[in-house]
Structure formats: structure tokens, C-alpha cells
Amino acid sequence: MFAKKDSKKNAALDGLSLTPGVSVLETEKGTVLFDGRQGRYFQLNELGLIVVKSLQQSMGVDAIVQRVVKAYDVDPQTADADVRAFLAHIKELGVAV
């Protein structure tokens, strides 16, 4: 029963990539996602940067979670929740599809 639910969660977020026209820009003040289609930008924190770079490498949710666990020495459940929340947010904003 849980495997089906997890599969649906993964299917909704696995395979995401940055929307065409969205770029990652490193500035003096940090890293941003720039949506050239709408002239909007979004500041990334350290977690966001790891997730976005992982998306650019075509990594799936589980692999991104493992990367976050290693980078921050955080428990897998917290990393999973944070990664999924971030992915859902950038999808909702239209900067990932």
C-alpha cells in the first residue's frame, strides 16, 4: 500500500527539469533562478542550489535527497520533506516542469 503512494509522489516530481527560458545565475549576492520569459528571479538558498544543480544533472528525487543527506548530515525523512517541498514550490512557480 505505501509503495503505490510513494510511486505517485515520485512520479509527480521525478523527471522535473528547469523550464525552457529559466537560467541559474550566480551573482555577488548569491544564486538566483532567472525566468527570462517573465523577467522574474528567485533567490536560492543552499538547499535550493543543491536541488537545482541536481535537476540540471537529471537526478531523481531519491538521488537528490541522498545528496542533501550527505551535504547536511540531516536525517533522510527531513531531507525528503524539504526536497519535495522545494520541488513542488518551483513547479508551482512555473520554473520547473
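As a convention, each chain's residues are numbered from 1 in the sequence order in which they are written. Reporting in this predicted model follows two pLDDT cut-offs: at least 70 for local features of residues, and 80 or more for side-chain atom pairs to be given and counted; totals over whole chains, interfaces and linings ignore these cut-offs and use all residues. Side-chain calculation: all heavy atoms of the structure are included, whereas hydrogens and water are not.

Regarding the overall build of the protein
Okay, step 1: Across its full length, the protein carries four helices and three strands.
Okay, step 2: A buried classification covers 35% of the 97 residues belonging to the protein.
Okay, step 3: When contacts within the protein are restricted to residue pairs at least 6 apart in sequence, those whose partners lie at least 24 apart make up 44%. Counting from the N terminus, the helices are the DSSP runs of H or I reaching at least four residues and the strands are the DSSP runs of E reaching at least two. Partly exposed residues are those whose accessible area sits between 20% and 50% of the maximum for their type, while under 20% is buried and over 50% is exposed, using a 1.4 Å probe and protein chains only. In this analysis, two residues are considered to be in contact whenever any of their non-hydrogen atoms come within 4.5 Å of each other.

Thoughts on helix α2 (residues 46–56)
Okay, step 1: Of the positions making up α2, those classed as buried are Leu47, Gly48, Ile50, Val51, Val52, Ser54 and Leu55.
Okay, step 2: Turning to α2, the residues buried within the fold contact β1 (22–27), β2 (30–35), β3 (40–44), α3 (61–72) and α4 (76–93).
Okay, step 3: Think of a polar contact as two N or O atoms within 3.5 Å of one another; within protein, one of them needs to be a possible hydrogen donor and the other a possible acceptor, and neighboring residues in sequence only count if both atoms come from side chains. Where α2 starts, the residue carrying a side-chain oxygen 3.2 Å from the main-chain nitrogen of leucine 47 turns out to be asparagine 45.
Okay, step 4: Downstream of α2 by one or two residues, serine 58 has phi in the positive range, about 60°.

Things to note about the sheet that holds β3
Okay, step 1: When DSSP finds two or more bridges between two strands, those strands count as paired. Pairing is antiparallel in the open sheet, where three strands are placed in the order β1-β2-β3. In the strand order of this sheet, the two ends are held by β1 and β3, each with one partner. For this sheet the average axis-to-axis angle between neighbouring strands, irrespective of direction, equals 30°.
Okay, step 2: Pairing between β1 and β2: six bridges, direction antiparallel. Note that in β2 the partner of serine 23 across the bridge is phenylalanine 34. A fitted line through C-alpha atoms serves as each axis, taken over the contacting stretch for helices, and the angle formed by two N-to-C directions is quoted from 0 to 180°.

Focus on the confidence of the model for the protein
Okay, step 1: The predictor's confidence in any single residue is recorded as pLDDT, a number from 0 to 100. Looking at the protein, the pLDDT average stands at 89 and 89% of residues meet or exceed 70.
Okay, step 2: A low-confidence stretch, residues 1–5 stays under pLDDT 50, and its non-local contacts, those more than four residues away or across chains, total zero contacts.

Structural notes on the pairing of β2
Okay, step 1: Hairpin connection from β1 to β2: two residues lie between these consecutive antiparallel strands.
Okay, step 2: With five bridges joining them, β2 and β3 adopt antiparallel strand pairing. When the bridges of β3 are listed, aspartate 35 appears paired with arginine 40.
Okay, step 3: Adjacent in sequence and paired antiparallel, β2 and β3 are bridged by four residues, among which glycine 39 carries a positive phi angle near 65°.

Focus on the environment of phenylalanine 42
Okay, step 1: The residue phenylalanine 42 is located in strand β3 in this model.
Okay, step 2: Sequence separation of phenylalanine 42 and valine 32 is ten residues, and the distance between their C-alpha atoms is 5.3 Å.
Okay, step 3: Once residues lying within four places of it in the same chain are set aside, the contact partners of phenylalanine 42 are Thr31, Val32, Leu33, Leu93 and Val95.

Things to note about unusual backbone geometry
Okay, step 1: The phi angle at serine 58 is positive, at roughly 60°, despite the residue not being glycine.
Okay, step 2: Here serine 58 lies in the loop between α2 and α3.
Okay, step 3: The class of serine 58 is exposed, set by a relative accessible area of 67%.
Okay, step 4: The phi dihedral of aspartate 73 falls on the positive side, at around 50°, and the residue is not glycine.
Okay, step 5: Assignment of secondary structure puts aspartate 73 in the loop between α3 and α4.

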